[in-house]
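Overview (structure and organization)
So you can see what is in the structure, the chains are spelled out below.
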Amino acid sequence: MILSHPVVRKISRIVPKLFKILAVKIYHDIGLIILCKNPVNVLLARWSRSYPPSEHTLHLRNGMSIKIELGTSDAQTLAEIFWESVYTPRFLRRIYQEARVVCDVGANKGFFCLYAAQAWPKAIVHGYEPDQKLYSIAKQNLIMNDLEHRIFLHNKAVYQTKGNILFRVATGANRGVGHVVNTNQEQTNNAIPVDAVTISDIVEEIGAIDFLKVDVEGTEYRIFTVEHVAALRKVKFISLEWHDVTGCRIEQITDVLRNAGFRFLVVRRMLYAWRE
């Protein structure tokens, strides 16, 4: 029978995935058109294949102006944060709605920092980003929106230990996926030394954290470790995007969070943890 042919079976597996990807892209496009003042600029930002990536400024209807790079996933990331609310699930909003201290680990170009400043008008936001270029664009974004008095950026990585570590800077369209190098598993070519602090250092410096967002391309397994349980007990809500890393399991993180007194929920690639 035709339906049992290997090619047909393969297509039947691929088509639903492609449909899902297309549906998500359309959903993000609709969100960006609603969020931004100029739909033409939105579509340009979303579908441009500029190389090398070129800078472009989007003007949101909420009054914010945000610098992005064409030819990257910036427009998608913006939609995920401001439209889809991947880091701020609505069904858990009652837990974090009064946040006064927000910490963004893996701040990238500052999109979530800007979102946090808007979502919590009384909050102070600290962002940590080791990539010098991304950090520079994030600084421009907060200055452009007159938020230097509420958003404080740190050109540092967050890791298991404090000091100098190696960081591999991504290039081109994938600039945002740079990551700390695990010297036991990866080659160190094209890696640069960066300063790193621990979550314990951050809590010691800024105090208790109401909302902690983490997206560090796999380094999360080196942040949520047993030696930092005491510091994690001073965090109220965690929004973490987790990644597949050889030799690591999400249970390593959930075990640490359980020891720190958190309840948690894993939804696809997001882990949400909170204490009542």
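Preceding this paragraph is the structure being described.
Residues numbered from 1 in each chain as written. Predicted model: local features only at pLDDT ≥ 70, side-chain atom pairs only at ≥ 80, totals over all residues. Heavy atoms only, no water.

Topic: a nonpolar patch on the surface
Nonpolar side chains collect at one region of the surface, where L22, I26, I30 and I34 lie side by side and expose about 350 Å² of accessible area between them. Along the chain, the position of I26 falls in helix 1 (residues 6-35). (Patch = residues over 30% accessible without salt bridge, like charges linked within 9 Å, V, L, I, M, F, W, Y side chains within 5 Å. Areas by Shrake-Rupley, 256 points an atom, 1.4 Å probe, with all protein chains shown as cover. Salt bridge = Lys/Arg side-chain N within 4 Å of Asp/Glu carboxyl O. Helix = DSSP H or I, 4+ residues; strand = E, 2+ residues; numbered from the N terminus.)

Describing the packing of aromatic side chains
Applying the stated rule across the entire model yields eleven aromatic pairs. Consider the rings of Y87 and F112, whose centres lie 5.6 Å apart with planes at 75°: the pair is edge-to-face. Pair noted here: Y87 is in the loop between helix 3 (74-82) and helix 4 (93-96) and F112 is in helix 5 (residues 111-119), with a separation of 25 residues, a long-range link. Accessibility assignment for this pair places Y87 and F112 in one class, buried. Through a chain of ring-to-ring contacts, three or more aromatic side chains come together here, namely F82, Y87, Y96, F112, Y115, W120, F211 and F237. In this structure, R269 is placed above the aromatic ring of W242, and the distance from its NZ or CZ to the ring centre is 4.4 Å. For R275, the ring lying beneath its charged end belongs to F262, and the centroid distance is 4.3 Å. (Phe/Tyr/Trp six-rings, centres within 6.5 Å; stacked < 30°, edge-to-face > 60°. Buried < 20%, exposed > 50% of the residue type's maximum accessible area, 1.4 Å probe, protein only. Lys NZ or Arg CZ within 6 Å of the ring centre and 35° of its normal.)

A look at unusual backbone geometry
The backbone of D146 sits at a positive phi, close to 55°, despite the residue not being glycine. Residue placement: D146 occurs in the loop between helix 6 (132-144) and strand 5 (151-154). Residue E217 is not a glycine yet carries a positive backbone phi of 55°. One can find E217 in the loop between strand 10 (209-214) and helix 8 (229-232). By relative accessible area, E217 is classed as partly exposed at 25%.

Some details on the packing of helix 3 against helix 5
It is the contact of helix 3 with helix 5, at a shortest axis distance of 10 Å, that shows an interaxial angle of 30°. With respect to helix 5, the axis of helix 3 lies roughly parallel. For helix 3 against helix 5, the interelement crossing comes out right-handed. Across from D74, T77, L78, I81 and F82 in helix 3, the residues of helix 5 making contact are F111, F112, L114, Y115 and Q118. Residue composition of the contact of helix 3 with helix 5, grouped by class: seven nonpolar, two polar and one charged. (Axes fitted to C-alpha atoms, helices over the stretch in contact; angles between N-to-C directions. Parallel < 35°, antiparallel > 145°, perpendicular 65-115°, else oblique. Left-handed = near helix turned anticlockwise from the far one by under 90°. Contact = heavy atoms within 4.5 Å. Nonpolar A, V, L, I, M, F, W, Y, C, P; charged D, E, K, R; others polar.)

Taken by themselves, the reported measurements are silent on function.
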